Number of protein chains: 2
Amino acid sequence: MEAYLTPEEVRCYTRGLPEMKRLVLDPVELSDLELLANGAFSPLQGFMRSKDYFSVLENDRLAAGWVWTIPITLSIPVEMCGNYREGETVALVSADGGLKGILYVEEIYHRNREREALQVYGTLDRKHPGVRYLMSKGEVLLGGKIKAAADGFSREFAEYRLSPRELRRIFAEKGWKSVVAFQTRNPIHRAHEYLQKVALEIVDALLIHPLVGFTKPGDVPSDVRMACYREIIAGYFPADRVILAAFPAAMRYAGPKEAVFHAIVRKNYGCTHFIVGRDHAGVGHYYGTYDAQNIFDNFSAEEIGITILKFENTFYCKRCGNMASAKTCPHGAEDRLLLSGTKVREMLQAGQDLPEEFTRPEVARILKAYYTETAGVCP
Amino acid sequence: MEAYLTPEEVRCYTRGLPEMKRLVLDPVELSDLELLANGAFSPLQGFMRSKDYFSVLENDRLAAGWVWTIPITLSIPVEMCGNYREGETVALVSADGGLKGILYVEEIYHRNREREALQVYGTLDRKHPGVRYLMSKGEVLLGGKIKAAADGFSREFAEYRLSPRELRRIFAEKGWKSVVAFQTRNPIHRAHEYLQKVALEIVDALLIHPLVGFTKPGDVPSDVRMACYREIIAGYFPADRVILAAFPAAMRYAGPKEAVFHAIVRKNYGCTHFIVGRDHAGVGHYYGTYDAQNIFDNFSAEEIGITILKFENTFYCKRCGNMASAKTCPHGAEDRLLLSGTKVREMLQAGQDLPEEFTRPEVARILKAYYTETAGVCP
């Protein structure tokens, strides 16, 4: 269900902005606002009230029972607590002061950041980017329904920024009854292409749905990645069965909890299948390799509502003469082309080509240009 | 549910055989008896009575409602009709007179061979091997429960001739929760290996389940095929996720109807997924390419009870540098390695090697020996 201000409301609130209570949203909160407004976070209609927030932490479910694993919150520092009142309407603005939406403040309450860190991220370690972000945010949450200014959001990758309604309409027009979604925050190497094509063999179509919201320093920026996606799709994917769309969410790096969240949200986008590889949404060594796959055992297929396709580590095997995984290839490590992310970055920074069995040349070229032209410096 | 004579019953019936009414089973009927006895044809407990026979022809279901698409019948010529009586127990014997089982004759009735040919095979053309066999059989059917002599069946491929009970036990011991079955009456080329491995990527294990009962002249004999299967599994499949077992059924060449039958029977063997490619169980040009996939739309997922994985035509694509299908490869025919069955036979008969991208060399070697040593003559 979409929740947008009418053009009249936008004009009215914009005029009244100087007199209104305002709250400046950071990039993560802006992403959340966009996804609350376009229905991607359905059944949520706003930033969480306490009953949902604590239910998610303790039960991986909203208070009404729907599976939900990531708190969607809007915070203020304790010292600003007196500025807002329950029952008020607050203008949500970006750092430059532009109106992005409004919040009907239904509840002002204290979160528990330590509990949240442990339950969502499984750690209190502030080196974890999700925990670091959480600890930088306020202790007090504003909960309540939102409405967003439809034109208020980033126009980056505008043609790819398709809402759940738009994607569902496209799927229906194409007659696709089953669509598998692939979440990524990385360039697509052959190993990822293989997963996607294995999945595509058993469904009608593939949604390549890269996350383009906030990511941590060191991840390949979304504009570079989008260029890679366009190239690989043009060269190696069938145009009539693949869609590229931008997923404007922020990355949480919450591993298993975020895998469930990513799956549920893709169901809202109209997908029927979702790919979960090893260490989905992981970072560092905070999660076990299969944690993000095993967490789905905690829920029934019905309550997840989207079929989870779990994959093993994949690679090119010389003796198979094919892409394969540890599940389908009987050969040893000496036959397998395995390169760590670190090794790949080193090769690209040194201006080396990646093996064609690892990365399509068109993609490698873009990555090499990015790593050499930025002098190999992580932003 | 298994239905075997006890050792005492076998001794008793064998002693009494000279005085008993006897019926000599042909190879197709012997296959059916074996599969009725070992539970592969559950819920059938014997050769069909009229209510099931006609229900299958008209509704693709047994009288009690279970999906079933192939009549399992025991026929006699009209002129022998007077030899048997309802209520009798008849000894079922092979051509050499050996006791294979007994039939409790519950019903003697007339079949409708024309209707059966049209409903099951979709044609009255006697060039169709299934129709030709049907028309060679009697007009009168004996229906009733059977019991089989457990030691009465072929010992060919004995170690691979695993019953539903045995396969289910193995699946449970290995802890496999999902097993995909691959039915075949052909050698496994790279295209089939690809289908199997795509399926294996999303389930726990693969059952390669070649049909080793009656097949038509011109098909590669089962002993040659079993040698091929053993080689390809040893060289290219992970031993801990793949089982080879012989499926002792006769081939009907009934296309879509046989695809449903093959799926239901594999469910009885404990499998959770079943691969249906293009023109499954087809012969000549009697069926549309996708008929055997589309027929499953006539049934709910619940009543089929095994997940059907439908695949497109697959091949090696030079530009992909991979096996692929028309669903996953965007390139043209000029990049794809496609060889017809006829072309492959011609190459093998001429002593030529098959391309490695088409057939694993170990398999090609066995096929070449078969085709050259038998002087390329189809039996």
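Here, the structure is the one placed above.
So, a few notes on the structure that sits alongside this text. What you see is a predicted model; the values in this text were computed from it and never measured.

## Some words on the environment of B:V67
All names here are of chain B.
- As for its placement among the helices and strands, V67 is situated in the loop between α3 (50-59) and β3 (75-76).
- Taking the C-alpha atoms as reference points, V67 and Q196, separated by 129 residues in sequence, lie 26 Å from one another.
- Excluding residues within four positions of it along the chain, V67 makes contact with D60, R61, V260, I264, F299, E303 and I304.

## Some thoughts on the environment of A:A246
All names here are of chain A.
- Within the secondary structure, A246 is located in the loop between β10 (242-244) and α9 (256-268).
- Among the residues examined, A246 registers a relative accessible area of 0% and is labelled buried.
- Sequence separation between A246 and P210 is 36 residues, and the spatial gap between their C-alpha atoms is 5.5 Å.
- What A246 contacts, discounting residues up to four positions off in sequence, is F157, Y160, R161, L162, H209, P210, V212 and M226.

## Let's talk about the relation of the copies chain B and chain A
- When chain B is fitted onto chain A, the two copies agree to an RMSD of 0.0 Å after a turn of 180° and an axial shift of 0.0 Å. Taken together, these values place the two copies in the relation of a two-fold axis.
- The share of interface residues of chain B whose copies in chain A are also at the interface is 100%, consistent with both copies meeting through the same surface.

## Let's talk about helix α13 (residues 361-373) of chain A
All names here are of chain A.
- When the terminal C-alpha atoms of α13 are compared, their 18 Å separation across 13 residues agrees well with the 18 Å that a helix rising 1.5 Å per residue should span.
- Listed as buried for α13 are V363, A364, L367, Y370 and Y371. Projected onto a plane normal to the axis of α13, the buried residues spread over an arc of 125° and lie on a single side. Exposed residues on α13 whose side chains face more than 90 degrees from its buried face are R365 and E373.
- Residues of α13 that are buried in the fold lie against α8 (222-236) and α12 (341-349).

## What to know about the packing of aromatic side chains
- Under the definition given, this model contains 18 aromatic pairs over all chains.
- Seen in terms of ring centroids, B:F54 and B:Y109 are 6.5 Å apart; in terms of plane orientation they differ by 55°. Their pairing is tilted. Of this pair, B:F54 sits in helix α3 while B:Y109 sits in strand β6 (residues 107-110), and the two are 55 residues apart along the sequence.
- Three or more aromatic residues joined by ring pairs form one cluster here, namely A:F41, A:W68 and A:F261.

## Some words on the pattern of salt bridges
All names here are of chain A.
- Summed over the entire model, instances satisfying the criterion amount to 50 salt bridges over all chains.
- The salt bridge involving E29 is made with K137; its shortest N-O contact spans 3.2 Å. Residue E29 is found in helix α2 (residues 27-37), and its partner K137 is found in the loop between α5 (129-136) and β7 (140-148); the two are separated by 108 residues along the sequence.
- Between K127 and D125 there is a salt bridge; the shortest N-O distance is 3.9 Å.
- On the accessibility criterion, D125 (25% relative accessible area) is partly exposed.

## As for the interface of chain B and chain A
- Contact with chain B, which involves 30 residues of that partner, is made by 30 residues of chain A.
- Per-residue buried area on chain B facing chain A is highest for B:E201, B:K327 and B:T328; these three make up 31% of the total on that side.
- On inspection of chain B and its partner chain A, the count reaches zero salt bridges.
- In this structure, the connection of chain B to chain A is made through 20 residue pairs in polar contact (both at pLDDT 80 or more).

## Considerations on the sheet that holds strand β12 (residues 307-310) of chain B
Residue and element names in this part refer to chain B.
- Taken together, five strands build an open sheet; the order of strands is β10-β9-β8-β11-β12 and the sheet is parallel. Taken across any chain shown, the strands that pair with only one partner, and hence form the sheet edges, are β10 (242-244) and β12. Sheet twist, expressed as the average angle between the axes of neighbouring strands with direction ignored, equals 25°.
- In terms of strand pairing, strand β8 (residues 179-184) meets strand β11 (residues 273-276) through two bridges, oriented parallel. In the sheet register, A181 faces β11, and the bridge partner there is F274.
- Strand contacts of helix α9 (residues 256-268): β8, β9 (205-210), β11 and β12, with the helix running at about 155° to β11, the strand carrying the most contacts.

## Observations concerning the packing of α12(A) against α13(A)
Residue and element names in this part refer to chain A.
- Across the interface, α12 lies against α13 with an axial gap of 8 Å and an inter-helix angle of 75°. In terms of axis orientation, α12 runs roughly perpendicular to α13. Mapping the contact onto sequence places R345, L348 and Q349 in α12 and A364, L367, K368, Y371 and T372 in α13.
- Per-class residue counts for the contact of α12 with α13 are four nonpolar, two polar and two charged.

## Focus: the side chain of B:D26
All names here are of chain B.
- Mapped onto the secondary structure, D26 falls in the loop between β1 (22-24) and α2 (27-37).
- Among the polar contacts made by the side chain of D26, one reaches the main-chain amide nitrogen of E29 at a distance of 2.7 Å.
- Apart from residues no more than four positions distant in its own chain, D26 is found in contact with Y133 and K137.

## A closer look at the packing of helix α8 (residues 222-236) of chain B against helix α13 (residues 361-373) of chain B
Residue and element names in this part refer to chain B.
- One can describe the packing of α8 onto α13 by two numbers: an axis separation of 8 Å at closest approach and a directional angle of 165°. Looking at the two axes, α8 sits roughly antiparallel to α13. For the element pair α8 and α13, the recorded crossing hand is right-handed. Of the residues in α13, those in contact with V224, A227, C228, E231, I232 and Y236 of α8 are P361, E362, V363, I366, L367 and Y370.
- Broken down by class, the residue content of the contact of α8 with α13 amounts to 10 nonpolar, no polar and two charged.

The rules behind these values
Residues numbered from 1 in each chain as written. Chains lettered and ligands numbered in written order. Predicted model: local features only at pLDDT ≥ 70, side-chain atom pairs only at ≥ 80, totals over all residues. Heavy atoms only, no water. Helix = DSSP H or I, 4+ residues; strand = E, 2+ residues; numbered from the N terminus. Contact = heavy atoms within 4.5 Å. Buried < 20%, exposed > 50% of the residue type's maximum accessible area, 1.4 Å probe, protein only. Least-squares fit on C-alpha atoms with pLDDT ≥ 70 in both. Expected span 1.5 Å × (residues − 1). Arc of directions from axis to C-beta. Phe/Tyr/Trp six-rings, centres within 6.5 Å; stacked < 30°, edge-to-face > 60°. Salt bridge = Lys/Arg side-chain N within 4 Å of Asp/Glu carboxyl O. Buried area = accessible area lost by both parts, 1.4 Å probe. Polar contact = N/O pair within 3.5 Å; in protein donor to acceptor, adjacent residues only side chain to side chain. Pairing = 2+ DSSP bridges. Axes fitted to C-alpha atoms, helices over the stretch in contact; angles between N-to-C directions. Parallel < 35°, antiparallel > 145°, perpendicular 65-115°, else oblique. Nonpolar A, V, L, I, M, F, W, Y, C, P; charged D, E, K, R; others polar. Left-handed = near helix turned anticlockwise from the far one by under 90°.

It is worth stressing that arrangement in space is one thing and function is another; only the former is reported here.
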